[in-house]
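Observations on chain architecture
Below are the chains, spelled out letter by letter.
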Amino acid sequence: RLSRFLSSYLLKQEFNSLVALRLSYTIKNNKNDYYKAFDICNDSKNQGDITPFLIYFSNIIEQSIDSLVEKIDNGIDRLNKFRQLLALKYPNKEQKRTADLLWYLIQNTLFSTECLDKAGLANIMSISVNTVHHYILDLLDSGAPIEIEKEGRKFIYKLNIDKLYYYLQS
């Protein structure tokens, strides 16, 4: 774990924090191969040669970057589709705030690991928490697939992204 932390820290300095985070995810999904690379290096026949591990680790970094790029590209494609659907569902200026709120929830769902609460949405949209509350209630009344969960003392909001396609097309 310390090795992964140090590796992620150094990669963050050289690349990007997203690459460092994705590295942990990639290693977790390939844990057996990761430990096998250590075992090869620790084998007495290798006499302390860490070349196999460095080759393996370089490949893991490359896999992490490739999967991150793929995830971002897929997210951007989906985001663009949602942008078009939002424009069709909410063409009027009076509905702009409703569309904006959904837009921020869509982005958060596609690209973030943390959910938004009313205060976070209010801050992003430069409106009051009470106003956000009313927009969320209106969206829920209209059938928007917003899921509400309690996290500590606050409520967080997530979109069911698959159901959102159908909601925006109705």
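Considerations on the packing of helix α5 (residues 96-111) against helix α7 (residues 129-141)
Following both chains from N to C, one finds α5 and α7 inclined at 85°, their axes separated by 10 Å at the closest point. Between α5 and α7, the angle falls in the class roughly perpendicular. Along the contact surface, α5 presents R97, T98, L101 and L102, while α7 presents V132, Y135, I136 and L139. Its residues placed into classes, the contact of α5 with α7 shows 6 nonpolar, 1 polar and 1 charged.

Thoughts on α7
Over its 13 residues, α7 extends 18 Å from the first C-alpha to the last, a length consistent with the 18 Å expected when each residue adds 1.5 Å. Buried residues of α7: V132, Y135, I136 and L139, and no others. Looking straight down α7, one finds its buried side chains confined to an arc of 100°; they lie on one side. Opposite the packed face of α7, turned more than 90 degrees from it, sit the exposed residues N130 and D141. Residues of α7 that are buried make contact with α5, α6 (118-125), β2 (146-151), β3 (154-159) and α8 (161-169). G143 lies just past α7 and shows a positive phi near 95°.

Section: the pattern of salt bridges
Using the criterion set out here, one finds 4 salt bridges in the structure. Put simply, R78 and D162 hold a salt bridge, and the shortest N to O gap is 3.7 Å. Of this pair, R78 sits in helix α4 (residues 51-89) while D162 sits in helix α8; the two residues are 84 residues apart in sequence, bridging distant segments of the chain. Residues K96 and D100 are paired through a salt bridge, measuring 3.0 Å at the closest nitrogen-oxygen approach. Note that K96 and D100 are positioned in helix α5 at a spacing of 4 residues, about one turn of the helix. Judged by relative accessible area, which is 48%, K96 ranks as partly exposed.

A closer look at the sheet that holds β3
Backbone hydrogen bonds hold the strands of a sheet together, and the pairing may be parallel or antiparallel. Strand order in the open sheet made by the 3 strands is β1-β3-β2, with antiparallel pairing throughout. Of all strands in the sheet, those with a lone pairing partner are β1 (116-117) and β2, marking the two edges. As paired elements, β1 and β3 share 2 bridges and run antiparallel to each other. From the neighbouring strand, L116 faces β3, where its bridge partner is Y157. Against the sheet, α5 engages β1, β2 and β3, with an angle of about 85° to β3.

Some thoughts on the packing of aromatic side chains
Within a pair of aromatic rings, the relevant descriptors are the distance that separates the centres and the angle that separates the planes. As enumerated under the stated definition, the model contains 5 aromatic pairs in all. Ring centres of F53 and F57 lie 5.7 Å apart, and the angle between their planes is 20°; on these two criteria the pair is classed as stacked. Taken together, the residues span about one helical turn, with F53 and F57 both in helix α4 at a distance of 4 residues. Neither F53 nor F57 differs from the other in exposure class; each is buried. Taking NZ or CZ as reference, K89 lies 4.4 Å from the ring centre of Y167, over its face.

Conventions adopted
- Residues numbered from 1 in each chain as written.
- Predicted model: local features only at pLDDT ≥ 70, side-chain atom pairs only at ≥ 80, totals over all residues.
- Heavy atoms only, no water.
- Axes fitted to C-alpha atoms, helices over the stretch in contact; angles between N-to-C directions.
- Helix = DSSP H or I, 4+ residues; strand = E, 2+ residues; numbered from the N terminus.
- Parallel < 35°, antiparallel > 145°, perpendicular 65-115°, else oblique.
- Contact = heavy atoms within 4.5 Å.
- Nonpolar A, V, L, I, M, F, W, Y, C, P; charged D, E, K, R; others polar.
- Expected span 1.5 Å × (residues − 1).
- Buried < 20%, exposed > 50% of the residue type's maximum accessible area, 1.4 Å probe, protein only.
- Arc of directions from axis to C-beta.
- Salt bridge = Lys/Arg side-chain N within 4 Å of Asp/Glu carboxyl O.
- Pairing = 2+ DSSP bridges.
- Phe/Tyr/Trp six-rings, centres within 6.5 Å; stacked < 30°, edge-to-face > 60°.
- Lys NZ or Arg CZ within 6 Å of the ring centre and 35° of its normal.

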